[in-house]
Amino acid sequence: MKNPGTGRVSAKTVATIGMLCAIAFVAKLISNVFPTVAGFLSFDLKDVVIVIGGFMMGPMTAAIISIVVSVIEMLTVSSTGVIGLLMNVLASCAFACVAAIIYHRDHSMKGAVIALIAGVLCMTAVMLLWNWLITPLYMHVDRAVVVSMLIPTFLPFNLVKGGINATLAMLLYKPIVTALRKAHLVEESAGGKRTTKWGVVGVSAVLLATFVLLALVLAHVI
């Protein structure tokens, strides 16, 4: 959203991105109450907000929010330093930017579902590669130890994490867009005037419950 004739980003766009960054950071703080997997893999809800921002305003916005929130997280609540920053940005961008690119080519419910599934699969593949590369440095272990964890630990963790974030994005997209529209931060066309599809809500709720149960199993809570 640029001002016509100037090419400059509008103040409304900056305000919207700033608000999404704030919401994403709060989502990250909420995520800290969740149990970890393998002692260091943590579920992160900020990607829900990031992908919604990408759906509304494009993949570049998703990338900006990912970087800003990850930097704030590194400077405030994170203890993983630059490595954590890198992994956070890679995971969020692989999920949200890919999903936003696909959704903006097919701006429909079907397009949203395909986009989110593609985002989850892309994020999972990217994180398998980067965990293979980076985790031995972070954990100070031989690469063979990390290789032995890729399929039984990293693969299901990222699929479940992505599934939770994707289903939450389906459930929360309309409420968040509606709230931003009422605050006059997004135009009517950005969120569309669509009625709630309760079938989609029902399926999303069931999927969310399933992924949450799988997350609790991975974290050895149940």
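See the structure above.
Definitions and limits used
- All residue numbers refer to position in the chain's written sequence, counted from 1.
- It should be noted that, the model being predicted, local features are given only for residues of pLDDT at least 70 and side-chain atom pairs only at 80 or more, the latter also being counted only at that level, while totals for whole chains, interfaces and linings use all residues.
- As a rule here, side-chain values come from all non-hydrogen atoms in the structure, and water together with hydrogens is ignored.
- Strands here are runs of E lasting at least two residues and helices are runs of H or I lasting at least four, both read from the DSSP assignment and numbered beginning at the N terminus.
- One less than the residue count of a helix, multiplied by 1.5 Å, gives the span that helix is expected to have.
- With a 1.4 Å probe rolled over the protein chains alone, any residue whose accessible area is under 20% of its type maximum counts as buried; one over 50% counts as exposed, and the rest are partly exposed.
- We call two residues in contact whenever any of their non-hydrogen atoms come within 4.5 Å of each other.
- Axis definition: a line fitted to C-alpha atoms, limited for helices to the stretch in contact. Angles are taken between N-to-C directions and run from 0 to 180 degrees.
- Any angle that falls under 35 degrees is termed roughly parallel, while one over 145 is termed roughly antiparallel, one within 65 to 115 roughly perpendicular, and all others oblique.
- Here is the rule for handedness: rotate from the far helix to the near one, and if that takes an anticlockwise turn smaller than a right angle the crossing is left-handed, while a clockwise turn gives right-handed.
- Polarity classes work like this: nonpolar for Ala, Val, Leu, Ile, Met, Phe, Trp, Tyr, Cys and Pro, charged for Asp, Glu, Lys and Arg, and polar for all others, with Gly in that last group.
- Working definition: rings of Phe, Tyr and Trp (its six-membered ring) pair if their centres are within 6.5 Å, and the pair is stacked with planes under 30 degrees apart, edge-to-face with planes over 60 apart, and tilted otherwise.
- Two cysteine sulfurs form a disulfide in these notes if their separation is within 2.5 Å.

Participant: Got a minute to help me understand helix α2 (residues 46-57) in this structure?
Facilitator: Think of an α-helix as 3.6 residues a turn; residues three or four steps apart then line up on the same face. Over its 12 residues, α2 runs 17 Å from end to end, which matches the ideal 16 Å to within 8%, given 1.5 Å per residue. What α2 keeps buried is the set K46, D47, V48, V49, I50, V51, I52, G53, G54, F55, M56 and M57. For α2, the secondary structure elements touched by its buried residues are α1 (11-31), α3 (59-76), α4 (81-105), α5 (109-139) and α6 (143-182). Two residues or fewer past α2, G58 is found with a positive phi of approximately 105 degrees.

Participant: I would appreciate a short explanation of unusual backbone geometry in the present structure.
Facilitator: Among all residues except glycine, the phi angle is most often negative; among peptide bonds, the trans geometry is most common. Positive phi, normally seen in glycine, also occurs at A38, with a value near 60 degrees. With respect to the secondary-structure elements, A38 resides in the loop between α1 and α2. Positive phi outside glycine occurs at H220, with the angle close to 60 degrees. Along the chain, the position of H220 falls in the segment after α8 (198-218). Classification of H220 by relative accessible area gives exposed; the value is 71%.

Participant: Help me understand the packing of α5 against α6, please; the structure alone is not making it clear to me.
Facilitator: Packed helix pairs are specified by the crossing angle of their axes together with the interaxial distance, meaning the distance between the axes. Between α5 and α6, whose axes approach to 8 Å, the crossing angle comes to 155 degrees. Between α5 and α6, the interaxial angle falls into the category roughly antiparallel. You can see that α5 and α6 cross each other, and the crossing is right-handed. Of the residues belonging to the contact of α5 with α6, the class tally is 21 nonpolar, 6 polar and 1 charged.

Participant: Just checking my understanding: could you explain the packing of aromatic side chains for this structure?
Facilitator: Geometry of an aromatic ring pair is reported as the spacing of the ring centres plus the angle between the planes. For the structure on display, the rule yields 5 aromatic pairs. For the pair F55 and Y173, a centre-to-centre distance of 6.1 Å together with 70 degrees between the ring planes defines the contact as edge-to-face. One end of the pair, F55, is in helix α2; the other, Y173, is in helix α6, with 118 residues separating them in the sequence. Classification of F55 as buried rests on a relative accessible area of 5%. Of the residues examined, Y173 reaches a relative accessible area of 12% and is grouped as buried. Taken together, the ring pairs connect F40, Y138 and F154 into an aromatic cluster.

Participant: Even after reading the chapter, I still don't get the state of the cysteines, so can you show me in this structure?
Facilitator: By definition, a disulfide links two cysteine residues through a covalent bond between their sulfur atoms. Throughout the structure, instances matching the rule amount to 0 disulfides. Not part of a disulfide, C93 finds its nearest cysteine sulfur in C97, a span of 4.1 Å. Given a relative accessible area of 19%, C93 falls into the buried group.

Participant: I keep staring at the environment of A144 and nothing clicks. Help me out?
Facilitator: Within the element layout of this structure, A144 appears in helix α6. Taking C-alpha positions, A144 is 31 Å from V33, a pair spaced 111 residues apart along the chain.

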